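Observations on the model geometry
As a plain string of letters, each chain reads:
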Amino acid sequence: MKTTLLLSGDEALARGAYEAGLKAAAAYPGTPSTEILEYLAKFPEVDAKWSVNEKTAYEVALGASVAGVRSMYSSKHVGLNVAMDPLMTSAYTGINGGFVVVVADDPQMASSQNEQDNRLIAKFAKLPMLEPASPKEAYEMARIAFEVSEKFDTPVIIRITTRVAHTKENVEIGERNEIADKPFTPNAPKYVMVPGYAYKKHIALEAKLLEMAKYSDETPLNSAEINDKSLGIIADGVSYLYAKEAFPDASFLKIGFTYPFCDEKIKNFAKEVKDLYVIEESEPFIEEHVRQLGIPVKAKDVSYRIGELNSTLVKEIIENKKKIEKPFTARKPVLCPGCSHRAVFYALKNLKLTVSGDIGCYTLGALKPLETLHTTVCMGASVTMFESMSKILGRGKVVGIIGDSTFVHSGVEGLIDAAYNGAKGLVIILDNSNTAMTGSQPNPATGVNAKGKKTKRLILEDICKAAGADIVETINAFADNLQDKIKELTDKDALSVLIVKYPCRLIYKIKDPVPKFNSSKCVTCGACLQIDCPAIYKNKEGKITLDEHLCTGCNLCVKTCKFGALAKKDN
Ligand SMILES: Cc1ncc(C[n+]2csc(CCOP(=O)(O)OP(=O)(O)O)c2C)c(N)n1
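Here the structure is a predicted model, which means the values were calculated and not measured. (Residues numbered from 1 in each chain as written. Predicted model: local features only at pLDDT ≥ 70, side-chain atom pairs only at ≥ 80, totals over all residues.)

A separate point is the sheet that holds strand 9 (residues 222-225). The mixed open sheet is built from four strands, whose spatial order is 9-11-10-13. Edge positions in the sheet fall to strand 9 and strand 13 (275-279), since each of these pairs with one other strand and no more. Taking the axes of each pair of neighbouring strands and ignoring which way they run, one obtains an average angle of 15° across the sheet. The sheet contact formed by strand 9 and strand 11 (residues 250-255) spans four bridges and is antiparallel. Opposite Ala-224, over in strand 11, you have Leu-253 as the bridge partner. Relative to strand 10 (residues 228-236), helix 12 (residues 263-272) is tilted by about 155°, and along the sheet it contacts strand 9, strand 10, strand 11 and strand 13. (Pairing = 2+ DSSP bridges. Helix = DSSP H or I, 4+ residues; strand = E, 2+ residues; numbered from the N terminus. Axes fitted to C-alpha atoms, helices over the stretch in contact; angles between N-to-C directions. Contact = placed C-beta atoms within 7 Å.)

Right, here's the structure in full:
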């Protein structure tokens, strides 16, 4: 009997890989790719690991492939930037067991710092790329990707986008197919990329690309549907579904094997139709190639390179319109009630410090009314940018701030660099004992692995000392002397690290007695609103209100109230 499961694109892809005999998987969390490894971690047959960062994950997964098993890497789009070094050269070495690289792009930036289009990386790295349009296709393409990987001796990229990753669909699943391990045979010309060997591998790679281009023309993953010939649309991934919804009667060239391009299919399709469009999210990746083939194709206005598409926008593109930017109306994201990061930002705001920030829940410290985080570029950049900013803006003025997972990801190198180059000042590590931003994955500082098993715990104090920090101290986020301690260490003629510890209240379900609110003492000065806690707000009558259900009893608001309207409840 067939089994059908309601699966997200991430889960369906993971399920497909599992059934294809996947034995090893490594990833670093990042929306919208996180659920892939979380799903794989449930299978005893799969050695699924959270790595400390994407470069590590890529190499761990590549190593498993070289050792002879089917293996998979997954990350969000910017994660692939961190893994670029091994990615580029693994195109030369090729693989042993099938190796699939899943990258989840985030057009519209539902949860990202940029909208980069990783289809361009396939061309840059000379790697094949598959693009499912739906969870069902993600499930099927996982198996095909392993077959392509082994057929052409190459890593294969599967690119999904947020819509595909997080949409759910009923998927008919099958049984796991055990694949025999391949023997590992030492082969320096294949696996040791010194110039002499790499040169030959590059020649071979160019030949392989031509072979893969032929495959791209043969595979049913790229297929033409000829209907009304007055309008022809070439579309890849989920864009195909938007275009199909907008123009159900048009002719389509549906692209599922995006790179190398299927030139013959494109040329034949172009001959069939009158007006030819490419509907694709983000960059004009396919459009530029079609033009290079000498085929006239209607260009989408540059305004449609920004954000996601949908069927309405597809209609606008075909009507040759410019996109009208709508005001960003999403609900303002806010730190959870009782989040320990808020206590640190409250102290930093009072001290009027410049804060070199990073990526995690604490990035929300940049938003009104806290407004106490002044830079965020990429993971790890807080410590390195602190190093130079503190030197130029002056000691005692700048602090770096970074979460535990991000520190382990790429902050620790910055700390070594800061110590090595004589930086002075304070780096704060916000240790909430998990990777909260992406839905609470464990990391080395948590001491739990992807399978939920206890493992060696990284002691942050020890690694900071080993990196060269002069002073390393630990403090509770809600300690009364937090602000004084930050001031003291910021002003010191030393490189200090302050590890601010408090477990994530949401994940560890911590609720303490809520404060007492005495409305008769409240003068509605609004000081308590400045900490931006969702549990305190002004009601419709303009009166301060404490929502006791939302409040988790951190009592930070008590510190803000000079009139005694908010007071700590005696236990
Ligand atoms: C290169 C890269 N990989 C992954 C992500 C996704 N991501 C954003 S913040 C973050 C980690 C947050 O954890 P932590 O630093 O511990 O802070 P917390 O959210 O727990 O406060 C991750 C994995 C990213 N933005 N960039």
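On to the packing of helix 3 (residues 54-67) against helix 5 (residues 84-93), then. Between two packed helices, both the angle of their axes relative to each other and the distance between the axes serve to describe the pair. For the pair helix 3 and helix 5, interaxial distance at closest approach is 8 Å and the crossing angle is 30°. Contacts between helix 3 and helix 5 involve Lys-55, Tyr-58, Glu-59 and Leu-62 on the former and, on the latter, Asp-85, Pro-86, Leu-87 and Ser-90.

Turning our eyes to something else, we now look at helix 15 (residues 340-351). If you check helix 15, its first and last C-alpha atoms are 18 Å apart, about what 12 residues at 1.5 Å a residue would give, namely 16 Å. With nine of 12 residues buried, helix 15 is to be regarded as a mostly interior element. Ser-340, His-341, Arg-342, Ala-343, Val-344, Phe-345, Tyr-346, Ala-347 and Leu-348 are the residues of helix 15 that are buried. Of the surrounding secondary structure, the elements contacted by the buried residues of helix 15 are strand 14 (354-356), strand 15 (398-403), strand 16 (425-431), helix 19 (482-491), strand 18 (495-501) and helix 20 (556-560). Looking one or two residues past helix 15, Lys-352 carries a phi angle of roughly 55°, positive in sign. (Expected span 1.5 Å × (residues − 1). Buried ≥ 20, exposed ≤ 12 C-beta atoms within 10 Å, placed from the backbone.)

Attention shifts here to the packing of helix 1 (residues 9-19) against helix 7 (residues 135-152). In contact at an axis separation of 7 Å, helix 1 and helix 7 are set at 25° when each is read in the N-to-C sense. Between helix 1 and helix 7, the angle falls in the class roughly parallel. Every pair of crossing elements has a handedness; the one defined by helix 1 and helix 7 is right-handed. Residue-level contacts link Gly-9, Ala-12, Leu-13, Arg-15, Gly-16, Ala-17 and Glu-19 of helix 1 to Pro-135, Lys-136, Ala-138, Tyr-139, Glu-140, Ala-142 and Arg-143 of helix 7. Here the contact of helix 1 with helix 7 is composed, by residue class, of seven nonpolar, two polar and five charged. (Parallel < 35°, antiparallel > 145°, perpendicular 65-115°, else oblique. Left-handed = near helix turned anticlockwise from the far one by under 90°. Nonpolar A, V, L, I, M, F, W, Y, C, P; charged D, E, K, R; others polar.)

Turning to the site of the ligand, a few remarks are in order. Close contacts around the ligand come from 25 residues, with Gly-360, Gly-403, Ser-405, Ala-436 and Met-437 the closest. Within the residue set of the shell around the ligand, elements represented by two or more residues are helix 4 (77-82) and helix 17 (404-420). Along the lines of polarity and charge, the residues of the shell around the ligand split into 11 nonpolar, 11 polar and three charged. Both domains that furnish three or more residues to the shell around the ligand are identified here as domain 1 (3-181 + 191-215) and domain 3 (340-501). (Near = placed C-beta within 6 Å. Domains from an automatic or database assignment.)

On the basis of which strands lie adjacent, the open sheet formed by five strands has the order 14-15-16-18-17 and parallel pairing. Each of the sheet's edge strands pairs with one partner strand only, and the pair in question is strand 14 and strand 17 (471-476). Averaged over neighbouring strand pairs, the angle between their axes works out to 25° when direction is ignored. Pairing geometry for strand 14 and strand 15, over three bridges, is parallel. Bridging from a neighbouring strand, Val-355 pairs with Val-399 of strand 15. Across the face of the sheet, helix 18 (residues 460-467) comes into contact with strand 16, strand 17 and strand 18 while running at roughly 155° to strand 17.

Let us look at the domain arrangement of the protein chain. Where interface size is given, it is often the accessible area lost as the parts come together that is meant. What the domain assignment reports for the protein chain is domain 1 (3-181 + 191-215), domain 2 (222-318), domain 3 (340-501) and domain 4 (516-567). The centre of domain 1, based on its C-alpha atoms, is set 32 Å off from the matching centre of domain 3. Contacts between the two partners involve 14 residues from domain 1 and, on the opposite side, 16 residues from domain 3. For the side of domain 1 that touches domain 3, the secondary-structure elements that each account for two or more residues are helix 2 (34-40) and strand 3 (47-50). Residues that form the side of domain 1 that touches domain 3 fall into these classes: eight nonpolar, five polar and one charged.

Now for unusual backbone geometry. At the junction of Tyr-259 and Pro-260, the peptide bond is cis and its omega measures out at -5° in the coordinates. Mapped onto the elements, Pro-260 comes out in the loop between strand 12 (257-259) and helix 12. Here Lys-368 and Pro-369 are connected by a cis peptide whose omega angle stands at 0°. In this structure, Met-109 takes a positive phi of about 50° despite not being glycine.

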